[in-house]
Amino acid sequence: MTRKLTFNGIVQGIGFRPAALAVATDLKLTGQVKNSGGSAMIIISGNTRALDEFVRRLIAMFDIKSYNDEVIEEINFSDFKIVTSDRDGETAFITPDLATCKECEKELRSKANRRYSHPFISCVNCGPRYSIIHSLPYDRENITMSVFPFCGECKKEYTETYNRRCHAQTIACNECGPQTNIDIREAVEILESGKILAIKDIGGYHLACRTDKIHAVNEIRKIKGRETKPFAVMFSDISQIKEYCEVNDKEEELLLSPARPIVLLKKIKDFDNAVCAGSSCIGAFLPCNPIQIMILDRVSPLVMTSANLSGEPIITDDEEVKKFGVKILSHNRKILTPLDDSVVRVVCGRTQFIRRARGYVPLAIDIDKMAKKDTLCLGGDLKAVFGFHHDKYVFLSQYFGDLENTSVFECYRKNIERFKNLHSFKTEKIISDAHPNYFSSNIFSNDLTIQHHKAHIASVIAEHKINEKVLGFAFDGTGYGDDGAIWGGETILFDGRNFERCEHLEYTKMPASDEIAKNADYALACYLGGNELIEKAVNANINTVHSSSMGRLIDAVCALLDIKHYNTYEGECAASLEEAAERAETAYDLTVSLNPKNILSEINSAKNKTSKESLALGFHIMICKLILQISLKYRKQLGITDIALSGGVFNNRIITSNSIKLLEENGFRVYINEKVPCGDGGIALGQAYISAITEE
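Quick caveat, the model's predicted, so the values are computed rather than measured. (Residues numbered from 1 in each chain as written. Predicted model: local features only at pLDDT ≥ 70, side-chain atom pairs only at ≥ 80, totals over all residues. Heavy atoms only, no water.)

## Here's the deal with the environment of Arg 583
Put simply, the test is: Numbering of helices and strands runs from the N terminus; a helix is a DSSP stretch of H or I covering at least four residues, while a strand is a stretch of E covering at least two. Think of it in three bands: residues with accessible area under 20% of the maximum for their type are buried, residues over 50% are exposed, and the middle band is partly exposed, with areas taken using a 1.4 Å probe on protein chains only.
Along the polypeptide, Arg 583 turns up in the loop between helix H16 (572-582) and helix H17 (596-606). Among the residues examined, Arg 583 registers a relative accessible area of 53% and is labelled exposed. Taking the C-alpha atoms as reference, Arg 583 lies 23 Å from Ser 601; in sequence the two are 18 residues apart.

## A few points about the pairing of strand E10 (residues 281-285)
Operational definition: The rule for pairing is simple: two strands pair if DSSP sees at least two bridges between them.
Of all five residues that make up E10, five are buried, and the element is covered over most of its length. The two faces of E10 match: Cys 281, Gly 283 and Phe 285 on one face and Ile 282 and Ala 284 on the other face are all buried. With three bridges joining them, strand E8 (residues 232-234) and E10 adopt parallel strand pairing. Looking across to E10, one finds that Met 234 is bridged to Phe 285. In this structure, strand E9 (residues 262-266) lies alongside E10, joined through four bridges in antiparallel fashion. Its bridge partner lying in E10, Val 263 is registered against Ala 284.

## Some details on the sheet that holds strand E7 (residues 205-210)
This is how it is decided: Only the stretch in contact is used when a helix axis is fitted, and all axes are lines through C-alpha atoms; the angle between N-to-C directions ranges over 0 to 180 degrees. When checking whether two residues touch, look at their non-hydrogen atoms; a contact exists if any pair is within 4.5 Å.
Spatial strand order, E12-E6-E7-E11-E8-E10-E9-E13-E14: nine strands in an open sheet with mixed pairing. The outermost strands of the open sheet, each flanked by one partner alone, are strand E12 (327-329) and strand E14 (350-355). Sheet twist, expressed as the mean angle between neighbouring strand axes with direction ignored, is 35 degrees. Two elements, E8 and strand E11 (residues 302-306), share two bridges in a ladder whose sense is antiparallel. Paired with Val 233 across the bridge in E11 is Val 303. Sheet strands in contact with helix H5 (residues 184-192) are strand E6 (197-200), E7, E11 and E12, and its direction is about 55 degrees off that of E7. Here helix H6 (residues 214-224) sits on the sheet in contact with E7 and E11, set at roughly 155 degrees to E7.

## Description of the side chain of Ser 306
Put simply, the test is: Polar contacts, as used here, are pairs of N or O atoms within 3.5 Å; protein pairs need one atom able to donate a hydrogen and one able to accept it. Residues neighboring in sequence count only if both atoms are side-chain atoms.
One can find Ser 306 in strand E11. Under the relative-accessibility criterion, Ser 306 is labelled buried at 14%. One polar contact links Ser 306 to Asn 308, side chain to side chain, over a distance of 3.1 Å. Those residues in contact with Ser 306 that sit more than four places away from it in its chain are Tyr 205, His 206, Leu 207, Lys 224, Ile 314 and Asp 340.

See the structure below:
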């Protein structure tokens, strides 16, 4: 019997063809396997029982989304081979970049191995994927490794059936692979001497220095224009992380995963304030590639931050990085798309993305809603992420940043084309945020605009495939409302078809300027007065808007308690208020209210009665109680028991964890974003969901 099998899913860049070869050889089957567009196609002959076992094993080994199995006219093959790929095929599921596997790490450190200290060691189980692929199918000639011909030994490994480098497209060795401009020994000496080193990694350059060389840490801050935001720290291994941080099982699993994200951990041992900027957490991560592994084996821990000016894309260009005037460890393997490190944290046992990029992009998310047309979802302007909805999957881009920055906008725009072409998507329908002045909303002629906070709640419903009525809380800083006001403290009711706003923070008139999102004193003055300039503008209706923003209320509380008065980066005041709340011994009991002026007036009256830390915690808990109060109201009225929490405010661990706890104690099922960020990095997913249900 001969069967033609077409497998669709994560089947390229992950060792599917070598595995098919090995399994077929074990089962004494004959035939051929090839990449076909985004799929893998197999024609295979043998007895029925062996063929069924062949299919069963492959499905068990890989993330197969679907497969087609048909009996064809019998063909007699002499053996089983991997043959030349073609470009036809089903939906392309491209593998993200994978951290160096344990086997390659062992070889990297073994003087007896011919790849000892090879800065680009990889195999079928690890190495760069998405960042180096020109086009599908995923073959050597279609990735940036194509300019490095195999030596005899690498070629031999590439063709050996049971070798883990069999048809591994990224492999090379010290003789035939890419080269670095300086060796690891020199790189370590630069770092040991207290200097900054720019290191070319998988998704772009990092700026690195020793955590105990404070002059170098501060110099990186000057280079990046990053005054106070904490730096991520790269450690040599998990045991070193545990010297500095509390690490639970879930966090350890994330740290050691092939994605190697930055994980926000509660610190138990501190660095100088210049490193973590007073935060109670450390953004900790482990080396993800051979260059990092070899450096961290010799000098660690290190500040490791993207080489860019704050707000701009991570640098991939070998010439551009020279503008920083630091020592450089570069190499001659080209990076095709910039990828920042992903950032996650664990809240109530759930993974929460702060930034989704290297290691996760471009993995697709199954939302169980079909797109009748290939749909480009443009997301929002802050923390910009776009996506394509094809079939029942949403393929999301990496994080780009704020599209107001020209270089970010250009990177975002170019990557839409790269992403579309790489996956062979069409742009048959275009969705944008409802804000008329967003850069993302004005790139193309859009077919549909979707309100920001409705998209936030839809993103939670989409990834969890919730089929019941949902009450959603979308809390953030800014979003253009259906009525032209600036929303941000919203309760959204989803009845299975429509998203409707049903509750919100009471409106406050504010200046319609970017400065209001940065200056917490200005926000406070909008609620309680005290600033003549702001009061005049508001009273005269000079360029003002009505706002229900939870983000601005949080800023105002932070300023009122004299904790911080200005956001030098987005969410700084909110983070500082959370830090203060974490230091509190008890929470001051505040009245639950949707009226921001009443909330602030009560806090102001209590300032002489208790500590700012107690009031900060009390404010956080009041928000959680507000969520519970509204949820109880709508359960009584409509029988709703499913609650969705989304929006940038839910990056706050205290608010998220206590809201989940209170709601679950009262019998609610609570859902948060776990596959995309709760902030604007998840907007495109919500846009895809709403677009799809409007077509049903």
